[in-house]
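Each chain is listed here by its residues.
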Amino acid sequence: MLVWILFAAATFLALLFLHPHFFQDVQHIRTKLKLRRRVLKYAQTNYSIVDWFSEAVKAQPHKQFILYEDETFSYQDADDLSNKAARVFLQSGRVKEGDTVALFLGNEPMFVWLWLGLVKIGCSAAFLNYNIRSKSLLHCFSCCGATALVAAEELQDAVEEVLPSLLQQQVSVFYLADRCRTADVESFKDKMSQASAEPIPKDLRSHLTLQSPAVYIYTSGTTGLPKAALVTHSKLWNICLLLCLSGVNSTDVIYVSLPLYHSAGFLGVVGAIERGITVALRRKFSASQFWDDCRKYNVTVIQYIGEIMRYLCNTPKKLNDQSHKVRLAIGNGIREDVWSDFISRFGNVQITEFYGATEGNFSLVNYSGKIGAVGRDTFMYKWYFPYAVIKYSVDKGQPLRDSSGFCIEAAKGEPGLMVCEISRSAPFFGYSTDLQQTEKKKLHNVFKRGDVYFNTGDLLRIDEDHFIYFQDRVGDTFRWKGENVATTEVADVLTQVDFIKEANVYGVEVPGQEGRAGMAAVTLSEGQRFDSACVFKHVKSFLPTYARPRFMRIQSSLDVTGTFKHLKVKLVEEGFDPNQITDPLYFLDEKDKNYVPLTLDIFNSVTSGKTKI
């Protein structure tokens, strides 16, 4: 017996030595499957997150739900105000069962009341980015099939610009203003102040199933017009359970400064409903006010995207940097160096990095705390949620296939395209009214005839220890001198230079050259100048020859989306032509060992082929 005990102990120790994350892996998959069973159970009775909210109101009516500026709203307040919003829609006679209403406003409690109110009457909402205008605004409104629009008072001018087109389509338009200055537009706030807060009969949403639309959330549109991703009530459950999966508990207060029109920000609110916790909501992210807000509202959980963490690390250091109650940060896109800097400066905050897309059928969570990783590659997870990282040709813009026509899994350490099998348990709902773009996200016959996988459009890699790392977007990676260049890696290297604040890296066409040459648009830290020789020395030390930006463009600011993703389309179109660009331009001169000003003579020499790059 003793021999067997010793043998078992030795086996156990060997397992821990060879697979130190084994028990973490097992615990994660167990939790994931438990949550999956929970959603399947809800599907049997069409139990939605709004049903859960109603029970939370009964259980804790006076608990704080939303803290906004100097206002406090309890769960009961939220229920009453969303009931009022629902009645305005009902009494208008213009919104009926199953309709979609577009919401065009920023972060404020009304955003939440409107969405809750719409679901209570069996409708869905489309979240419009409040930065879009004109053609893009009309496009986003039309592609979700909305029959009504509710817009913030400060966005009236943007609506007026497209109002004739909306009225021609017989769209009902409401402003969140006390009075309306425009004919054919009604005041929502005025009607809401007069509406009853009595509970909304549940039978008004009896037609909803977990496969019904809960909300339409738009892609950021970095490479074209935004697409409306369909989020069903089932998908919404999976989104909001991320907070549960990350260890958020009932005593937490979550700080949401990301835009609610994006899934990252909306996740914070619906996840808070599921956890029954308090949301500290901010109108817009502010690096200078971030920690003051956390202290003011006793925040314990924060949400982030990578750029937010970098902005915070770039603020002037203060003596009270670690004087806060934040214990957990949940988000995606944080770089390894920023991750380390953040913890060193702001204290031992647990960072839970996740990977996923609004429209995707697949997600990863870095539950082990490995700096820089987005998750772990385990056979257990693959068994339940089949995915793969496959070889991808940047030149051809498609996966590589073997002689039988099937895709090839990438080797350890090799960047490849992340794909996940589309199945009943991992569905892909696609984009509203855009069958062509929906089909583009599908890969057929990946590993066997007839299978279909979701194409994430992202390049990831898996290291020898089975950690998964995000590499780049497929459209961002470019090919130069026969090598693939990951724009995120180059940008990370450039921003390590003290005086470079931000970097947006992309590939530009050069006449007579195959592929695209690297170019970087950068902004400088306040009061700093561009030290060209220093940048040359830095990129030479840290980047291979093919990855070094051939051109540099100094800008006062970089154009970004509402979630701080860099916009590249216009920059790529403008290229490195000093005839079109008024910003300072520099050219990497190998002979001079410097970035030299890009003059017209140099431009003509490069484009004519006289100067080799």
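Because the structure is predicted, anything quoted here is derived from the model rather than measured.

Peer 1: Sorry, what's going on with the overall build of the protein chain here?
Peer 2: Within the protein chain one finds 19 helices and 30 strands. Based on the C-alpha atoms only, the size of the protein chain along its principal axes is roughly 85 × 75 × 60 Å. Within the protein chain, buried positions represent 54% of all 613 residues. Summarising the internal contacts of the protein chain: among those between residues at least 6 apart in sequence, 68% fall at separations of at least 24. For the protein chain, the computed accessible surface area is about 27800 Å², with 50% contributed by carbon and sulfur atoms.

Peer 1: What is the right way to read the pairing of strand β30 (residues 594–597) from this model?
Peer 2: Along a regular strand, successive side chains alternate from one face of the sheet to the other. Taken together, the 4 bridges between strand β29 (residues 585–589) and β30 define a ladder with antiparallel strand orientation. Note that in β30 the partner of Leu588 across the bridge is Tyr595. What sits between β29 and β30 in their antiparallel hairpin is a turn of 4 residues, with Lys593 showing a positive phi close to 50 degrees.

Peer 1: Whenever I open this one, the sheet that holds strand β9 (residues 228–232) confuses me. Can you help?
Peer 2: Pairing between the strands of a sheet comes from backbone hydrogen bonds, and it takes one of two forms, parallel or antiparallel. With mixed pairing, 7 strands are arranged side by side in an open sheet as β7-β6-β5-β3-β4-β8-β9. Bordering the open sheet on either side are β7 (185–187) and β9, each of which pairs with just one other strand. Direction aside, the axes of adjacent strands within the sheet are offset by 25 degrees on average. Note: strand β8 (residues 213–218) against β9, 5 bridges, orientation antiparallel.

Peer 1: Mind showing me how you'd approach the nonpolar core here?
Peer 2: The tendency in soluble globular proteins is for nonpolar side chains to be buried as a group. Ranked by internal contacts, the top residues of the largest apolar core, which has 108 residues, are Phe65, Phe104, Leu114, Trp115, Phe127 and Phe188. In this structure Phe65 touches Phe53, Phe73, Ser74, Tyr75, Ala78, Val112, Trp113, Val269, Ile273, Ile277, Thr278 and Val279, once residues within four positions along its chain are discounted. Core analysis: the second largest hydrophobic core is formed by 43 residues, Trp480, Val505, Tyr506 and Phe530 among them.

Peer 1: Quick question: what am I supposed to make of the layout of surface pockets here?
Peer 2: Where empty space is left becomes clear once a probe the size of a water molecule has been rolled over the atoms. The computed volume of the second largest pocket comes to approximately 820 Å³. Residue lining of the second largest pocket: 31 residues in total, with Arg310, Tyr311, Cys313, Asn314 and Thr315 positioned closest to the centre. Here the lining of the second largest pocket gets 5 residues from one element, more than from any other, and that element is helix α13 (residues 336–346). Its residues assigned to classes, the lining of the second largest pocket shows 10 nonpolar, 8 polar and 13 charged.

Peer 1: What exactly am I supposed to notice about the packing of helix α3 (residues 49–59) against helix α10 (residues 263–275) here?
Peer 2: When two helices pack together, their arrangement is given by the angle between the helix axes and by the axis-to-axis distance. Between α3 and α10, the shortest axis-to-axis distance is 9 Å and the interhelical angle comes to 50 degrees. Taken together, the axis directions place α3 and α10 in an arrangement best described as oblique. At the point where α3 passes α10, the crossing takes the left-handed sense. Residue-level inspection shows Ile49, Trp52 and Phe53 of α3 in contact with α10, the latter providing Val270, Ile273 and Glu274.

Peer 1: So what exactly am I meant to see when it comes to the packing of helix α12 (residues 306–314) against α13 here?
Peer 2: Running from N to C, α12 and α13 cross one another at 45 degrees; their axes reach a closest spacing of 10 Å. The orientation of α12 relative to α13 falls into the category oblique. Considering how the two elements wind past one another, α12 and α13 form a crossing that is left-handed. For the pair α12 and α13, the contacting residues are Met309, Arg310, Leu312 and Cys313 in the first and Val338, Asp341, Phe342, Arg345 and Phe346 in the second. Looking at the contact of α12 with α13 residue by residue, the class counts come to 6 nonpolar, no polar and 3 charged.

Peer 1: It is not clear to me how the sheet that holds strand β12 (residues 301–305) should be interpreted in this structure. Could you clarify?
Peer 2: As summarised here, the arrangement of the 8 strands in space is β2-β1-β11-β10-β12-β13-β14-β15, forming an open sheet in which the pairing is mixed. Every other strand in the sheet has two partners, leaving β2 (71–74) and β15 (363–365) as the edge strands with one partner each. For this sheet, the mean inter-axis angle between neighbouring strands, taken without regard to orientation, is 20 degrees.

Peer 1: When you look at the pairing of strand β17 (residues 387–390) in this model, what are you seeing that I'm missing?
Peer 2: Burial along β17 is two-sided: Tyr387 and Val389 and Ala388 and Ile390, pointing in opposite directions, are all buried. By the bridge criterion, 4 bridges tie β17 to strand β20 (residues 416–421) in an arrangement that is antiparallel. Note that in β20 the partner of Ile390 across the bridge is Leu417.

Peer 1: What is the right way to read helix α19 (residues 600–608) from this model?
Peer 2: Given 3.6 residues per helical turn, the α-helix brings residues three or four places apart onto the same face. For α19, the complete set of buried residues consists of Phe603, Ser605 and Val606. Along the axis of α19, the buried positions cluster into a sector of 165 degrees, meaning they face one direction only. Where α19 is buried, its residues touch β28 (551–554) and β29. Within two residues after α19, Gly609 carries a phi angle of roughly 95 degrees, on the positive side.

Peer 1: Would you mind going over empty space enclosed by the protein with me for this structure?
Peer 2: Counted according to the given criterion, the structure contains 2 cavities of 30 Å³ or more. As a volume, the largest cavity reaches approximately 70 Å³. In terms of lining, the largest cavity is formed by Asp25, His28, Ile29, Leu364, Val365, Tyr367, Gly375, Arg376, Thr378, Met380 and Tyr381. Elements with a contribution of two residues or more to the lining of the largest cavity: α2 (22–45), β15, β16 (375–376) and α14 (379–384). Per element, the largest residue contribution to the lining of the largest cavity is 3 residues, and it comes from α2. Counted as a void, the second largest cavity has a volume near 30 Å³. Leu258, Ala264, Leu267, Gln303, Tyr304, Ile330, Gly331 and Phe354 together form the lining of the second largest cavity. Going through the elements one at a time, α10, β12 and β13 (328–332) are the ones with two or more residues in the lining of the second largest cavity. For the lining of the second largest cavity, the per-class residue count stands at 6 nonpolar, 2 polar and no charged.

Peer 1: Can you help me understand the packing of aromatic side chains in this one?
Peer 2: Given two aromatic rings, their pairing is described by the distance between the two centres and the angle made by the two planes. In the structure shown here, the tally under the stated rule is 35 aromatic pairs. With centroids separated by 6.1 Å and ring planes inclined at 55 degrees, the aromatic side chains of Tyr381 and Tyr387 adopt a geometry described as tilted. Considered together, Tyr381 and Tyr387 belong to a single accessibility category, that of buried residues. Members of the aromatic cluster, joined through ring pairs, are Tyr255, Phe285, Phe290, Trp291, Tyr311, Phe342 and Phe346. Positioned above the aromatic ring of Phe467 is the side chain of Lys370, whose terminal nitrogen or guanidinium carbon lies 5.4 Å from the ring centre. Positioned above the aromatic ring of Tyr387 is the side chain of Lys382, whose terminal nitrogen or guanidinium carbon lies 5.3 Å from the ring centre.

Peer 1: Honestly, the pattern of salt bridges in this entry has me stumped. Any pointers?
Peer 2: A side chain of one charge can pair with a side chain of the opposite charge if their charged atoms are brought near each other. Summed over the entire model, instances satisfying the criterion amount to 29 salt bridges. Between Asp79 and Lys120 there is a salt bridge, and its shortest N-O distance comes to 2.6 Å. A residue pair is termed long-range when its members are at least 10 positions apart, and Asp79 in helix α4 (residues 75–92) and Lys120 in helix α5 (residues 109–120) qualify at 41 residues. On the accessibility criterion, Asp79 (14% relative accessible area) is buried. For the salt bridge of Glu186 with Lys191, the shortest nitrogen-to-oxygen distance reads 3.0 Å.

Quick notes on the rules
- Residues numbered from 1 in each chain as written.
- Predicted model: local features only at pLDDT ≥ 70, side-chain atom pairs only at ≥ 80, totals over all residues.
- Heavy atoms only, no water.
- Helix = DSSP H or I, 4+ residues; strand = E, 2+ residues; numbered from the N terminus.
- Buried < 20%, exposed > 50% of the residue type's maximum accessible area, 1.4 Å probe, protein only.
- Contact = heavy atoms within 4.5 Å.
- Areas by Shrake-Rupley, 256 points an atom, 1.4 Å probe, with all protein chains shown as cover.
- Pairing = 2+ DSSP bridges.
- Axes fitted to C-alpha atoms, helices over the stretch in contact; angles between N-to-C directions.
- Core = buried A, V, L, I, M, F, W, Y, C linked by side-chain atoms within 4.5 Å.
- 1 Å grid on protein atoms, 1.4 Å probe; cavity = no way out; pocket = protein on both sides within 12 Å on 5 of 7 lines; lining within 4 Å.
- Points joined across faces, edges and corners; volume = space filled by probe spheres on them.
- Nonpolar A, V, L, I, M, F, W, Y, C, P; charged D, E, K, R; others polar.
- Parallel < 35°, antiparallel > 145°, perpendicular 65-115°, else oblique.
- Left-handed = near helix turned anticlockwise from the far one by under 90°.
- Arc of directions from axis to C-beta.
- Phe/Tyr/Trp six-rings, centres within 6.5 Å; stacked < 30°, edge-to-face > 60°.
- Lys NZ or Arg CZ within 6 Å of the ring centre and 35° of its normal.
- Salt bridge = Lys/Arg side-chain N within 4 Å of Asp/Glu carboxyl O.

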